[in-house]
Amino acid sequence: MFQFLYALISFFSWGSEGIFDKKSMEKLNPYNALNIRYAFVFIWVILTTIIFSGITLPSFSLIPYILFTCFIGAAAIIFFFKALNEIGVSLPIAIAKNYFLVTIVISIIFFNETLTLMQIIAALMILSSIFVLSFEKKEKKIILSKGVIFSLLTLVGWGAYFALIKPIVLTLNPFNASLVLESTIFFMILSYSFLTKKELKLNEKKSNGFAFIASILLVIGSISYNFSIELIGASLTAVAVAPTPILASVLAGIFLKEKLTKIKYAAIIVSVIGLALLFL
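Every chain is numbered independently, its residues counted from 1 as its sequence is written. Confidence filtering applies because this is a predicted model: local features only for residues at pLDDT of at least 70, side-chain atom pairs given and counted only at 80 or more, and all residues used for totals across whole chains, interfaces and linings. Side-chain measures here rest on the full set of heavy atoms in the structure, leaving out hydrogens and waters.

The next point concerns a nonpolar patch on the surface. Nonpolar side chains (Val, Leu, Ile, Met, Phe, Trp, Tyr) within 5 Å and like charges within 9 Å form the patches, drawn only from residues with over 30% relative accessible area and no salt bridge. To be clear on the numbers: accessible area is Shrake-Rupley with a 1.4 Å probe, and residue cover counts the displayed protein chains and nothing else. Salt bridge, as applied in this entry: a Lys or Arg side-chain nitrogen positioned within 4 Å of an Asp or Glu carboxyl oxygen. On the surface, a cluster of nonpolar side chains totalling about 940 Å² of accessible area is made up of Val105, Ile108, Ile109, Phe110, Leu115, Leu117, Ile120, Ile121, Leu124 and Leu127. Numbered from the N terminus, helices here are DSSP runs of H or I no shorter than four residues, and strands are runs of E no shorter than two. For the nonpolar patch, the secondary-structure elements that each account for two or more residues are α5 (100–111) and α6 (117–134). No other element matches α6, which puts five residues into the nonpolar patch. Tracing the backbone shows isoleucine 121 in helix α6. Here isoleucine 121 falls in the partly exposed class, since its relative accessible area comes to 39%. Remark: exposure states derive from per-residue accessible area (1.4 Å probe, protein chains only) relative to the maximum for the residue type, with buried under 20%, exposed over 50%, and partly exposed in between.

Okay, here's the thing in structure tokens:
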């Protein structure tokens, strides 16, 4: 049981993080909330790396690859915060956490990997759940739910990002990988905000407090996830973290009073089962 501890820490951290991200946007726009959150993350990853590991810089040859990977990661998290701002926590997390499906597709295309029959069934379960979560019936028409397009873009972005970070995690230890990735993404988001003249407010203490808590949960979840991969492997870690959307939807219902239809809750459960089967 102890070997799953890091995966469980990651599960609870990421499952609750979205609540605080959403609360931070009560008085902040998505870009403002993101920059404050990542400013805290930047501090945390530096401190944890210095305390527990020591900073190791990546090789010069790896830097272009890191920049490309982080560009995708930055775009994905921007889309995710736009989704949180428009439609709340439950749906964006439920849809975006299926990014493993995109990761596998990339592995098949570029690394010649194949799927077992069980994985094909799991993939079909995930695809069907994404469809149910993304669309709704309105006036006898099936339409894309409000804000869902940002969740789908997050799904694609995270799928590519997590497929691409593997060489970085293998080259650097979990602390240094988190430091390089999260800090680069922060500076990319900050640069984009300045270039596009997005409003940045620093005096909203309550919102900043929620962003502060979200940053702690993000760092704890990310480092624990990397440690779990080293300890029990990527597949078992993915299975352990798969129920994150269920935890997020339960917490969103309790603390944010979010409500989904019964069929969407059922779709979340189906997607979680599909994700678990994908890695068994």
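What follows picks up the thread again.
The phi torsion at lysine 197 lies on the positive side, around 55°, for a residue other than glycine. Here lysine 197 shows up in the loop between α9 (174–195) and α10 (205–232). Judged by its relative accessible area of 75%, lysine 197 is exposed.

So, about the packing of helix α3 (residues 63–87) against helix α7 (residues 148–164). Axes, fitted as lines to C-alpha atoms, cover a helix only where it is in contact. Angles between the N-to-C directions of the axes lie from 0 to 180 degrees. Between α3 and α7, the shortest axis-to-axis distance is 8 Å and the interhelical angle comes to 155°. In terms of their interaxial angle, α3 and α7 are classed as roughly antiparallel. As for the relative orientation of α3 and α7, their crossing is left-handed in sense. Charged residues are taken to be Asp, Glu, Lys and Arg, nonpolar residues to be Ala, Val, Leu, Ile, Met, Phe, Trp, Tyr, Cys and Pro, and polar residues to be all remaining types, Gly included. Taken together, the residues that form the contact of α3 with α7 break down as 16 nonpolar, five polar and two charged. Small angles under 35 degrees read as roughly parallel and large ones over 145 as roughly antiparallel, with 65 to 115 read as roughly perpendicular and the rest as oblique. Here a crossing is called left-handed whenever its near helix is offset anticlockwise from the far helix by less than a right angle, and right-handed whenever the offset is clockwise.

Think of it this way: DSSP has to see at least two bridges between two strands before they count as a pair. Strand direction decides the pairing type here: strand β1 (residues 135–138) and strand β2 (residues 141–144), joined by four bridges, are antiparallel. Across the sheet, residue lysine 137 finds its bridge partner in β2, namely isoleucine 142. The antiparallel hairpin formed by β1 and β2 contains two residues in its connecting segment, where glutamate 139 sits at a positive phi of about 55°.

What follows is about the packing of aromatic side chains. Two aromatic rings from Phe, Tyr or Trp, using only the six-membered ring of Trp, form a pair when their centres are within 6.5 Å; if the ring planes differ by under 30 degrees the pair is stacked, by over 60 it is edge-to-face, and anything between is tilted. The tally for this structure, following the rule as stated, stands at 19 aromatic pairs. For the ring pair phenylalanine 40 and phenylalanine 212, a centre distance of 5.1 Å and an interplane angle of 85° mean the geometry is edge-to-face. In this pair, phenylalanine 40 sits in helix α2 (residues 30–52) while phenylalanine 212 sits in helix α10, placing the two residues 172 residues apart along the sequence. According to the relative accessible area criterion, phenylalanine 40 is partly exposed, its value standing at 23%. Note on phenylalanine 175 and phenylalanine 227: the rings are 5.3 Å apart at their centroids and 75° apart in plane angle, and the pair reads as edge-to-face. Taken together, the positions of phenylalanine 175 in helix α9 and phenylalanine 227 in helix α10 put the pair 52 residues apart, joining distant regions of the chain. Residue classification places phenylalanine 175 among the buried positions, given a relative accessible area of 10%.

Time to look at the pattern of salt bridges. A full pass over the atoms with the stated rule returns four salt bridges. Arginine 37 is paired through a salt bridge with aspartate 21; the nearest N and O atoms lie 3.2 Å apart. Of the two residues, arginine 37 is situated in helix α2 and aspartate 21 in helix α1 (residues 5–24); the sequence distance between them amounts to 16 residues. Both residues of the pair, arginine 37 and aspartate 21, belong to the buried class. Through salt bridges with shared partners, a single network forms among Glu17, Asp21 and Arg37.

What follows deals with the side chain of lysine 264. Following the sequence through the fold, lysine 264 ends up in helix α13 (residues 262–278). The charged-residue count follows a simple rule in which Lys and Arg add positive charge and Asp and Glu add negative charge, with His and chain termini not counted at all. In this structure lysine 264 is buried but unpaired, with glutamate 136 as the nearest side chain of opposite charge at 5.6 Å. Contacts are assigned to residue pairs that have any heavy atoms within 4.5 Å of one another. Setting aside residues no more than four positions away along its own chain, lysine 264 makes contact with Leu91, Val132, Leu133, Ser134, Phe135 and Ser145.

Turning to empty space enclosed by the protein, a few remarks are in order. A cavity, in this analysis, means grid points on a 1 Å lattice covering only the protein atoms where a 1.4 Å probe fits yet has no way out; a pocket is instead an open set bounded by protein on both sides within 12 Å along at least five of seven lines, and a residue lines either one if it has an atom within 4 Å of a point. Grid points are joined across faces, edges and corners, and a volume is the space filled by probe spheres set on the points. Summed over all chains, the structure comprises two cavities of 30 Å³ or more. If you trace the largest cavity, you find 25 residues lining it, with Trp14, Phe162, Glu182, Leu218 and Ser222 closest to the centre. Secondary structure elements with two or more residues in the lining of the largest cavity: α1, α2, α3, α7, α9 and α10. Looking at the lining of the largest cavity, the element that brings in the most residues is α9, giving five residues. Put simply, the second largest cavity is a space of about 60 Å³. Looking at the lining of the second largest cavity, its residues break down into eight nonpolar, one polar and one charged.

Turning our attention to the confidence of the model for the protein. Taken over all residues, the pLDDT of the protein has a mean of 87, while the share at 70 or more is 98%. Per-element mean pLDDT across the protein ranges from 75 in α5 up to 94 in α3. On a scale of 0 to 100, pLDDT captures the predictor's confidence in every residue.

Attention now goes to the side chain of serine 193. Residue placement: serine 193 occurs in helix α9. Residue class for serine 193 comes out buried when judged on its relative accessible area of 1%. Whenever a nitrogen or oxygen atom comes within 3.5 Å of another N or O atom, the pair is scored as a polar contact, on the condition that within protein one atom can donate a hydrogen and the other can accept it, and that pairs from neighbouring residues in sequence are kept only if both atoms are in side chains. A polar side-chain atom of serine 193 sits 2.9 Å from the main-chain carbonyl oxygen of isoleucine 189. In this structure serine 193 touches Tyr31, Asn35 and Lys198, once residues within four positions along its chain are discounted.

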